[in-house]
2 protein chains.
Amino acid sequence: MLKVPAHQVAGHQASDGKLGPLVDDSGRFYKPLQSEERGANEVAFYTSFSSNKQIPDHIRRFFPVFYGTQLLKASDGSGMCPHLVLQDLVSSHINPSIMDIKIGSRTWPPQASEDYIAKCLKKDRGSTSTELGFRISGFQVYGSKESGYWKPDKRYFRSFTTEDVKLALRKFVSSNASADSDCNPDCAFASVIYGGSMGILAQLLELKAWFEDQTIFHFYSCSVLMMFEKELALKGRSSGAEVKLVDFAHVVEGRGVIDHNFLGGLCSLIKFTSEILTSPVESPPKAGLLDSERS
Amino acid sequence: MLKVPAHQVAGHQASDGKLGPLVDDSGRFYKPLQSEERGANEVAFYTSFSSNKQIPDHIRRFFPVFYGTQLLKASDGSGMCPHLVLQDLVSSHINPSIMDIKIGSRTWPPQASEDYIAKCLKKDRGSTSTELGFRISGFQVYGSKESGYWKPDKRYFRSFTTEDVKLALRKFVSSNASADSDCNPDCAFASVIYGGSMGILAQLLELKAWFEDQTIFHFYSCSVLMMFEKELALKGRSSGAEVKLVDFAHVVEGRGVIDHNFLGGLCSLIKFTSEILTSPVESPPKAGLLDSERS
């Protein structure tokens, strides 16, 4: 029995009879191949990645397991359509809090078409991507049995500024997370979610070390998922914190060059995350250092 | 007595009666303020940087010492013109080999004008900047008393590909460096120039650690200079290898965000440099990993 995923926070969604991914009860995630070359490119990536002997196991665990492709009835009723069969990353979770962060100040590969570059450049400059090296595409934060999830609409994230991103990264690990912009997030779970040897920051640093060295793939427009279980975090020990990489429709070959675009954005995210650990209470930004600042 | 610098490898040059920097015998470098806001912005940067207590001494040494500004007769005879008074970075060298590398896949700050962005984007995409995160702007390599310097014209670098950059970084530390594309560079001096605790790589790694953390400045369109003395390298010990940062007309405030654009490019350069140390003999690039690679 295929159904619409309960915990998808960004990307195309199968609800309302549209084309989107499906999941089953055995922990598999079925993602319809995207249009034009994107679908074929994502299959090519998973195929190449799965069989590549140069990927160390501690890095492979950041990626969904790939089970091949399968023809399935599309969620929009348009008939049979090829799907990627992947590991359902949240199937082992009960009430996951999830954040989807698109990494890279640039979401277009150098060899893309002029139209595609213009489209991406507009989105990158219109979001925090250019400035921060990443943008938040979506999240859900679990509150309690009573309050359920706080899961803002896509449009909530579109106008995000640097300060909004900083605030969201703090709200994500707070016991008092809410849309209310006046509420000062307490970062109560920061040390068990972002911190510790099994925490998000440790995992991001492991990824960073790989990206400083690997020249196999360049991950354009790919997302980091950060996940945890609030119920575990409340107990104050392990929080089930996990980092995963998803969305590989725009991966290209590295050809001997590191993915400096992904690496730069990842380092920026790491800096923000580690700042929350060192100073859970936000201090106001400093006033101008340079008198003349134009270009 | 002011004169035209003997060892400038990129940027505006005062030779042929044009406007450009001058040097004196006491080790000072006089750089005319650039037009529009660029000159004022560079003065603002040096002023702010010089007095900033957060810059550690081991980082400060990568920057030219700033002595203020001074009105001087311009090198193009156009009359008195304000100049930055800086440390002449090569005054302590005898026969310096120098490479000027503009760092960053993007040379424009997000807040720049549309015209400026379009101009930079074209140059970044037309050079290796977008692909590699940096581009070589110029170099000179000292050969011997007889052969003097190999110093290609600006235009030589404009059509540089990734492979040209890799080759240039190897020729730079070779005893048989020449324009001849058939000559296989021997990388004879790689271990004393790039390697070692005082070498270029160690210095780049020190800079990298600072860029992972500092959120004070963003260095757009700034260059790393790599310098050494071949005569010293021939003796096989210290090579006078030095890394310096120059050209701050497009520095903007970091406002709490790391300079992921500079950092990414720096990591890319570090990877190339360290590869030369581990495999001084170049191996041919691998064939395609992804079957479908378009966007």
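Report follows, based on the coordinates. (Residues numbered from 1 in each chain as written. Chains lettered and ligands numbered in written order. Predicted model: local features only at pLDDT ≥ 70, side-chain atom pairs only at ≥ 80, totals over all residues. Heavy atoms only, no water.)

Some thoughts on the relation of the copies chain B and chain A
Turning to step 1, where the next piece is worked out: Expressed as a screw transformation, the operator carrying chain B onto chain A has a rotation angle of 180° and an axial translation of 0.0 Å, and the superposed copies differ by an RMSD of 0.0 Å. Accordingly, the operation relating the two chain copies is best matched by a two-fold axis. Of the C-alpha atoms belonging to chain B, the one lying closest to the rotation axis is found on Gly264(B), 2.3 Å away.
Turning to step 2, where the next piece is worked out: An overlap of 98% is found between the interface residues of chain B and their copies at the interface of chain A, pointing to a shared contact surface. (Least-squares fit on C-alpha atoms with pLDDT ≥ 70 in both. Contact = heavy atoms within 4.5 Å.)

Focus: unusual backbone geometry
Turning to step 1, where the next piece is worked out: Phi is positive for Ser221(A), which is not a glycine, with a value near 60°.
Turning to step 2, where the next piece is worked out: Relative to the assigned elements, Ser221(A) resides in the loop between strand S8 (217–219) and strand S9 (223–229).
Turning to step 3, where the next piece is worked out: Classification of Ser221(A) by relative accessible area gives buried; the value is 11%.
Turning to step 4, where the next piece is worked out: The phi dihedral of Asp247(B) is positive, around 75°, even though this residue is not glycine.
Turning to step 5, where the next piece is worked out: Mapped onto the elements of the fold, Asp247(B) is located in the loop between strand S10 (242–246) and strand S11 (251–253).
Turning to step 6, where the next piece is worked out: Taking the relative accessible area as the measure of exposure, Asp247(B) reaches 28% and is therefore partly exposed. (Helix = DSSP H or I, 4+ residues; strand = E, 2+ residues; numbered from the N terminus. Buried < 20%, exposed > 50% of the residue type's maximum accessible area, 1.4 Å probe, protein only.)

Side note on empty space enclosed by the protein
Turning to step 1, where the next piece is worked out: The full count for this structure, using the stated rule, is three cavities of 30 Å³ or more.
Turning to step 2, where the next piece is worked out: Taken as a whole, the largest cavity holds about 130 Å³ of empty space.
Turning to step 3, where the next piece is worked out: Elements represented by at least two residues in the lining of the largest cavity include exactly helix H3 (114–126) of chain A together with helix H3 (114–126) of chain B.
Turning to step 4, where the next piece is worked out: Of the volumes computed, that of the second largest cavity is approximately 60 Å³.
Turning to step 5, where the next piece is worked out: Every residue lining the second largest cavity is listed: Ser105(A), His260(A), Asn261(A), Gly264(A), Gly265(A), Ser105(B), His260(B), Asn261(B), Gly264(B) and Gly265(B).
Turning to step 6, where the next piece is worked out: At the level of elements, helix H10 (260–278) of chain A together with helix H10 (260–278) of chain B are the ones that each hand at least two residues to the lining of the second largest cavity.
Turning to step 7, where the next piece is worked out: Taken together, the residues of the lining of the second largest cavity break down into no nonpolar, ten polar and no charged. (1 Å grid on protein atoms, 1.4 Å probe; cavity = no way out; pocket = protein on both sides within 12 Å on 5 of 7 lines; lining within 4 Å. Points joined across faces, edges and corners; volume = space filled by probe spheres on them. Nonpolar A, V, L, I, M, F, W, Y, C, P; charged D, E, K, R; others polar.)

A look at the interface of chain B and chain A
Turning to step 1, where the next piece is worked out: Listed per partner, the contact involves 59 residues of chain B and 59 residues of chain A.
Turning to step 2, where the next piece is worked out: The junction of chain B with chain A conceals about 4,800 Å² of combined surface from both sides, 53% of it contributed by carbon and sulfur atoms.
Turning to step 3, where the next piece is worked out: Counting across the interface, chain B meets chain A through six salt bridges.
Turning to step 4, where the next piece is worked out: Arg125(A) is the salt-bridge partner of Glu114(B), the closest N and O atoms lying 2.7 Å from each other.
Turning to step 5, where the next piece is worked out: Across the contact surface, chain B and chain A share twelve residue pairs in polar contact (both at pLDDT 80 or more). (Buried area = accessible area lost by both parts, 1.4 Å probe. Salt bridge = Lys/Arg side-chain N within 4 Å of Asp/Glu carboxyl O. Polar contact = N/O pair within 3.5 Å; in protein donor to acceptor, adjacent residues only side chain to side chain.)

Quick look at the packing of aromatic side chains
All names here are of chain B.
Turning to step 1, where the next piece is worked out: All told, the structure shown has 58 aromatic pairs over all chains when counted by the stated rule.
Turning to step 2, where the next piece is worked out: Seen in terms of ring centroids, Phe-49 and Phe-63 are 4.2 Å apart; in terms of plane orientation they differ by 35°. Their pairing is tilted. A residue pair is termed long-range when its members are at least 10 positions apart, and Phe-49 in helix H1 (residues 36–51) and Phe-63 in the loop between helix H2 (57–60) and strand S3 (66–73) qualify at 14 residues. The same class applies to Phe-49 as to Phe-63, namely buried. (Phe/Tyr/Trp six-rings, centres within 6.5 Å; stacked < 30°, edge-to-face > 60°.)

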